[in-house]
Amino acid sequence: MSKVFIFGIDGASPKLIFEEWLDELPTIKKLTEKGLYAKLNSTIPPSTITAWNSMMSGKDSSELGIFSFTYKDKDGQTKLVDSNNIRCDRVWDILSQQNKKSIVLHVPLTYPVKPVNGIMVSGFLALGLDNQSVYPLEIKEKIEQLGNPDFFFDVAVGLGRHKALEIDELLKRVYEMTKMQLSLAKDLLISKEWDFFMTMLIGTDRLQHMIWRHFDKSHRRFIENSPHKNALKNYYIYLDKELAKIIKLLPPDTTTIVVSDHGMIKQEGKINLNNWLMEKGYLVLTDEAQEKIKQGKTRFKFEFVDMEKTKVYGAGAYNARVFLNKQNLGEELASFRQKLIQDLKEIPDDQGNPLDTKVYKKEDIYKKPENPECPDLTVYFDDLRWASNPDLGQEGLYSWESAVGADSAGHARQGIFIIAGDKIKNKGKINDIDIRQVTPTILRIMEVKKPEDIDIQPIKVD
Ligand SMILES: [Zn+2]
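None of these values were measured; they are calculated from a predicted model.

### Notes on the overall build of the chain
Okay, so step 1: For the chain, the helix and strand inventory stands at 15 helices and 21 strands.
Okay, so step 2: Relative to a compact globule of 462 residues, whose C-alpha radius of gyration would be 23 Å, the chain shows 22 Å and is just as compact.
Okay, so step 3: With the C-alpha coordinates aligned to their principal axes, the bounding extent of the chain is approximately 65 × 55 × 45 Å.
Okay, so step 4: Per-residue burial over the chain gives 60% buried out of 462 residues.
Okay, so step 5: Taking contacts inside the chain between residues at least 6 apart in sequence as the whole, the part at least 24 apart equals 71%.

Shown next, in the form of structure tokens:
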């Protein structure tokens, strides 16, 4: 049996890591030369919260019941997801049942924490350092000694609030957070027993969303000679150096995995989906919502939809989640949906150019399309180069900022996967893998039987 250590880098993109920057990331380069590596096909949608949990369970978004940070509860209200929304076992649950010890740091949707055979520290959706964000409780003291606990889980408290930070402040906080997170990882790696160890770093995601146009010359809102043009690469170099220190601490029989949940892609702009639906007469807001948007931009909430008068409504930043109101559509449902797909694909960019928009029907992509959280349609405007902006109170069809701030990159379909260790064959670059294959691969390396309800096969690593 081999121990498994996972270094999760949120949103690390294959193009930057495998092609452009590999020579400047010697630790990661060494792992690719020793073991094998691949592009990783993320979940639909490639949302952080969905993707990490699919990776850690072997299940698709519909089996997880997770599509985004928010969902519509049975009373029609918008709620934030938490660990109680997860519908299946994750790797550490399976390992706990087999008496294997896990240490899991910062994976999203681990708040409130559930008991595990080992240690669990929540991810960026934690509401703070409290009794629900760490297990067992003694770990709280260790975290308090590391620095400012307000920035331990994320750079700003509140969903998406990092988008409102100035770049200097964002960078300062990203480093402060990462240092604390890595200090905890290094401490626990050597002071506690474990068979499976995973740490996930969100700093890359926070930087990438905000800093893309400072270095990508092809970005339509590129900032020339920005003082931050090398900030993202330098942060990766810092992570690579830290990874080298961590690898030195690992027991010799450990298999190391470096992985991301999705990639990143420059964002041309945002399409105000709900404005478009309202203009077509498909979406009607409640009186309360109409009053609210008179005061300015506001985040979309499911309770703002007048369900008596609405045929379709949308949610979701980056990708769009489109929901059909079956009660109002009746027999028109199938033909309406077909027409809607066509119309969505025909939305042009702000200069009238056609977009390469993809629209997925739930029954074509999910195993459990009957789950109520399942969007009827998932839309990638221009294959994710354009984002969806469901916020209300926006002017017209296009925007460059959401209700919480502006970003210049969004999530892309593919992330990275690298694996190396004594049991892993040196195969170099292999064909693209499916994100769900990571769980059965971990189980196989650890010689733990794969539960029957995971039907995806492990990656061939030996
Ligand atoms: Zn992510």
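### With respect to the coordination of the zinc ion
Okay, so step 1: Taken together, the protein donors to the zinc ion comprise Asp10 (OD), Asp10 (OD), Thr48 (OG1), Asp261 (OD) and His262 (NE2), at separations of 2.0 to 2.6 Å.
Okay, so step 2: If you list the donors of the zinc ion from N- to C-terminus, the spacing comes out as D-x37-T-x212-D-H. Of this pair, Asp10 sits in the loop between strand E1 (3-9) and helix H1 (14-20) while Asp261 sits in the loop between strand E9 (254-259) and strand E10 (263-266); the two residues are 251 residues apart in sequence, bridging distant segments of the chain. With respect to class, Asp10 is no different from Asp261; both count as buried.

### Regarding the nonpolar core
Okay, so step 1: Counting residues in each nonpolar core, the largest one holds 113 residues, and the members touching the most others are Met56, Val121, Phe196, Phe417 and Ile442.
Okay, so step 2: Element by element, the count of residues in this core is highest for helix H7 (residues 167-191), at eleven residues.
Okay, so step 3: Setting aside its immediate chain neighbours within four residues, Phe417 contacts Phe18, Leu36, Tyr37, Ala38, Leu40, Ile257, Val258, Val259, Ile433, Val438 and Ile459.
Okay, so step 4: Grouped together as the second largest cluster of nonpolar side chains are 32 residues, Leu273, Leu285, Val312 and Tyr313 included.

### Some points on the pattern of salt bridges
Charged atoms that come close allow side chains of opposite charge to pair.
Okay, so step 1: The final tally for this structure, using the stated rule, is 33 salt bridges.
Okay, so step 2: Where Lys79 meets Asp73, a salt bridge forms, and the shortest distance between an N and an O atom there is 2.7 Å.
Okay, so step 3: Lys79 sits in the partly exposed class, given a relative accessible area of 38%.
Okay, so step 4: Residue Lys358 pairs with Asp356 through a salt bridge whose shortest N-O separation is 3.1 Å.
Okay, so step 5: Its relative accessible area of 35% is what places Asp356 among the partly exposed residues.
Okay, so step 6: What you see here is one network of salt bridges that share partners, running through Arg220, Lys266, Glu268 and Asp350.

### With respect to the sheet that holds strand E17 (residues 398-399)
By definition, the strands of a sheet pair up through backbone hydrogen bonds, in either a parallel or an antiparallel sense.
Okay, so step 1: Reading across the sheet, the three strands line up as E16-E11-E17 and stay open at both edges, with mixed pairing between neighbours. Across the chains shown, the open sheet's two edge strands, defined by having one partner strand only, are strand E16 (386-388) and E17.
Okay, so step 2: Across three bridges, strand E11 (residues 269-271) lies against E16 in parallel orientation. Paired with Lys270 across the strands is Ala387, a residue of E16.

### Description of empty space enclosed by the protein
Okay, so step 1: Within this structure, the stated rule accounts for one cavity of 30 Å³ or more.
Okay, so step 2: Taken as a whole, the largest cavity spans an internal volume of roughly 30 Å³.
Okay, so step 3: Around the largest cavity, the lining residues are His106, Gly123, Phe124, Phe153, Gln181, Met200, Leu201 and Ile202.
Okay, so step 4: For the lining of the largest cavity, the class distribution of residues is five nonpolar, three polar and no charged.

### Considering the domain arrangement of the chain
Okay, so step 1: In terms of domain boundaries, the chain breaks down into domain 1 (3-265 + 412-445) and domain 2 (269-406).
Okay, so step 2: Summarising the inter-unit geometry, the C-alpha centres of domain 1 and domain 2 are found 29 Å apart.
Okay, so step 3: Opposite the 31 residues of domain 1 that make contact, domain 2 presents 33 residues.
Okay, so step 4: Between domain 1 and domain 2, a total of about 2,800 Å² is buried, with carbon and sulfur atoms accounting for 50% of that surface.
Okay, so step 5: The three residues of domain 1 that bury the most area against domain 2 are Ile44, Phe67 and Arg413, which together make up 21% of that side's buried surface.
Okay, so step 6: For the interface between domain 1 and domain 2, the tally reads three salt bridges.
Okay, so step 7: Of the charged contacts in the structure, one is a salt bridge between Asp383 and Arg413, with a shortest N-O distance of 2.8 Å.
Okay, so step 8: Counting the contacts that link domain 1 with domain 2 gives 16 residue pairs in polar contact (both at pLDDT 80 or more).
Okay, so step 9: Of all the secondary structure elements, the ones that give two or more residues to the side of domain 1 that touches domain 2 are helix H4 (61-64), strand E3 (70-72) and helix H8 (203-215).
Okay, so step 10: Residues of the side of domain 1 that touches domain 2, tallied by class, amount to ten nonpolar, eleven polar and ten charged.

### Some thoughts on the state of the cysteines
Two cysteines, two sulfur atoms, one covalent bond between them: this is a disulfide.
Okay, so step 1: Inspection of every chain in the model, using the stated rule, returns zero disulfides.
Okay, so step 2: Left unpaired, Cys88 is separated from the closest cysteine sulfur, that of Cys374, by 14 Å.
Okay, so step 3: Residue classification places Cys88 among the buried residues on the basis of a relative accessible area of 15%.

### Describing the layout of surface pockets
Okay, so step 1: Looking at the second largest pocket, its volume works out to about 500 Å³.
Okay, so step 2: Lining the second largest pocket are 21 residues, and of these Ser13, Lys15, Trp212, Met264 and Ile265 lie nearest its centre.
Okay, so step 3: Within the residue set of the lining of the second largest pocket, elements represented by two or more residues are H1, H8 and E10.
Okay, so step 4: Along the lines of polarity and charge, the residues of the lining of the second largest pocket split into nine nonpolar, three polar and nine charged.

Criteria and thresholds
Residues numbered from 1 in each chain as written. Predicted model: local features only at pLDDT ≥ 70, side-chain atom pairs only at ≥ 80, totals over all residues. Heavy atoms only, no water. Helix = DSSP H or I, 4+ residues; strand = E, 2+ residues; numbered from the N terminus. Rg over C-alpha atoms; globule rule 2.2 N^0.38 Å. Buried < 20%, exposed > 50% of the residue type's maximum accessible area, 1.4 Å probe, protein only. Contact = heavy atoms within 4.5 Å. Donors = N, O, S within 2.8 Å, 3.2 Å for Na, K, Ca; no water. Core = buried A, V, L, I, M, F, W, Y, C linked by side-chain atoms within 4.5 Å. Salt bridge = Lys/Arg side-chain N within 4 Å of Asp/Glu carboxyl O. Pairing = 2+ DSSP bridges. 1 Å grid on protein atoms, 1.4 Å probe; cavity = no way out; pocket = protein on both sides within 12 Å on 5 of 7 lines; lining within 4 Å. Points joined across faces, edges and corners; volume = space filled by probe spheres on them. Nonpolar A, V, L, I, M, F, W, Y, C, P; charged D, E, K, R; others polar. Domains from an automatic or database assignment. Buried area = accessible area lost by both parts, 1.4 Å probe. Polar contact = N/O pair within 3.5 Å; in protein donor to acceptor, adjacent residues only side chain to side chain. Disulfide = S-S within 2.5 Å.

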